[in-house]
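# Architecture and fold: a report
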Amino acid sequence: MNGTIAVYPGTFDPITRGHEDLVRRAAAMFDRVIVGVAESRSKRPFFNTEERVNMAREILAAYPNVEVRGFSCLLMDFLSECKARIIVRGLRAVSDFEYEFQMAGMNRALRPDVETVFLTPADQYMFISATMVREIASLGGDVSKFVQPSVLARISDKVEAMRGGK
């Protein structure tokens, strides 16, 4: 496929309905969307990279022009590997903007040919963050509205294992 390729990078720890909404929007805008699941050891993820890639592949399987790949290199190197020049990022609130604006500027300094496109999720997903989902689940709260059932099952298993149940 020779069309426009966009990369939507993130940790997706776990993939939420908000992430899925942004992928759906991006898939309608670009010929191909590569969801790049960052290894991100510094964030100490709840799920390892392989688990996060597998969850994303399962959830996003309905989108024929979406591919999910894990990566552990600099994002600009991953874009080169994917032959992409567009980065898709989500903005939930004004608080996201400053960080994302800085990242877009840094990425442009590293690769002037790369553009960052910001998408906002649908209203019902505007407040969802994977960090909050993990926190609520870890404390025994119900996160079923924020993730797909298969992701909820994996979260439940992980929380139970952390508590010594499995």
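Scroll up a little and you will see the structure.
These numbers were taken from a predicted model, which means no experiment stands behind them.

Our focus in this paragraph is the overall build of the protein. When helices and strands are counted, the protein shows six helices and five strands. Relative to the compact-globule value of 15 Å for 166 residues, the protein shows a C-alpha radius of gyration of 16 Å, a close match. In terms of its C-alpha atoms, the protein occupies a principal-axis envelope of roughly 50 × 35 × 30 Å. Within the protein, the fraction of its 166 residues that count as buried is 46%. Long-range contacts, defined here as pairs at least 24 residues apart, represent 75% of the contacts in the protein between residues at least 6 apart. Counting every atom, the protein has about 9,100 Å² of accessible surface; 52% of that belongs to carbon and sulfur. One way to put it: in the protein the 22 positive side-chain charges average out to a point 1 Å from where the 21 negative ones average out.

The next point concerns the sheet that holds strand β1 (residues 5-10). Spatially, the five strands line up as an open sheet ordered β3-β2-β1-β4-β5, and their pairing is parallel. Strands at the two margins of the open sheet, each flanked by one partner only, are β3 (66-71) and β5 (115-119). For this sheet the average axis-to-axis angle between neighbouring strands, irrespective of direction, equals 30 degrees. The sheet contact formed by β1 and strand β4 (residues 86-90) spans two bridges and is parallel. Looking at β4, one finds that A6 is bridged to I86.

This part covers the nonpolar core. Nonpolar side chains in soluble globular proteins generally cluster together in the buried interior. In terms of nonpolar packing, the biggest core is built from 36 residues, with I15, V35, L60, V66 and I155 touching the most fellow members. Ranked by residues supplied to this core, first place goes to helix α2 (residues 49-60) with five residues. With residues up to four places along the chain from it excluded, the contact list for L60 reads I15, E20, V23, V35, V66 and V68.

For the structure on display, the rule yields five aromatic pairs. On the basis of an interplanar angle of 85 degrees and a centroid distance of 5.1 Å, the ring pair of Y8 and F12 is categorised as edge-to-face. Here Y8 matches F12 in class, with each residue buried. An angle of 85 degrees between the planes, with centres 5.3 Å apart, marks the rings of F46 and F47 as edge-to-face. Side by side, F46 and F47 carry an identical accessibility label, which is buried.

Right, let's talk about the side chain of E20 for a bit. Of note, E20 is situated in helix α1 (residues 17-29). No salt bridge is formed by the buried E20; its nearest oppositely charged neighbour, R17, is found at 5.1 Å. Side-chain polar atoms of E20 contact the side chain of Q148, separated by 2.8 Å. Leave out the neighbours within four places in its chain, and E20 touches I59, L60, Y63 and Q148.

Compared with the 20 Å implied by 1.5 Å per residue over 14 residues, the 20 Å span of helix α6 (residues 149-162) between its first and last C-alpha is a close match. Those residues of α6 that fall on the buried side of the exposure criterion are V151, I155 and V159. The buried residues of α6 occupy an angular sector of 70 degrees when projected down its axis, which confines them to one face. On the buried face of α6, the contacting elements are α2 and α5 (130-138). G164 occupies a position one or two residues after α6 and carries a positive phi of about 90 degrees.

The rules behind the values
- Residues numbered from 1 in each chain as written.
- Predicted model: local features only at pLDDT ≥ 70, side-chain atom pairs only at ≥ 80, totals over all residues.
- Heavy atoms only, no water.
- Helix = DSSP H or I, 4+ residues; strand = E, 2+ residues; numbered from the N terminus.
- Rg over C-alpha atoms; globule rule 2.2 N^0.38 Å.
- Buried < 20%, exposed > 50% of the residue type's maximum accessible area, 1.4 Å probe, protein only.
- Contact = heavy atoms within 4.5 Å.
- Areas by Shrake-Rupley, 256 points an atom, 1.4 Å probe, with all protein chains shown as cover.
- Lys, Arg positive; Asp, Glu negative; His and termini not counted.
- Charge placed at Lys NZ, Arg CZ, Asp CG, Glu CD.
- Pairing = 2+ DSSP bridges.
- Axes fitted to C-alpha atoms, helices over the stretch in contact; angles between N-to-C directions.
- Core = buried A, V, L, I, M, F, W, Y, C linked by side-chain atoms within 4.5 Å.
- Phe/Tyr/Trp six-rings, centres within 6.5 Å; stacked < 30°, edge-to-face > 60°.
- Salt bridge = Lys/Arg side-chain N within 4 Å of Asp/Glu carboxyl O.
- Polar contact = N/O pair within 3.5 Å; in protein donor to acceptor, adjacent residues only side chain to side chain.
- Expected span 1.5 Å × (residues − 1).
- Arc of directions from axis to C-beta.

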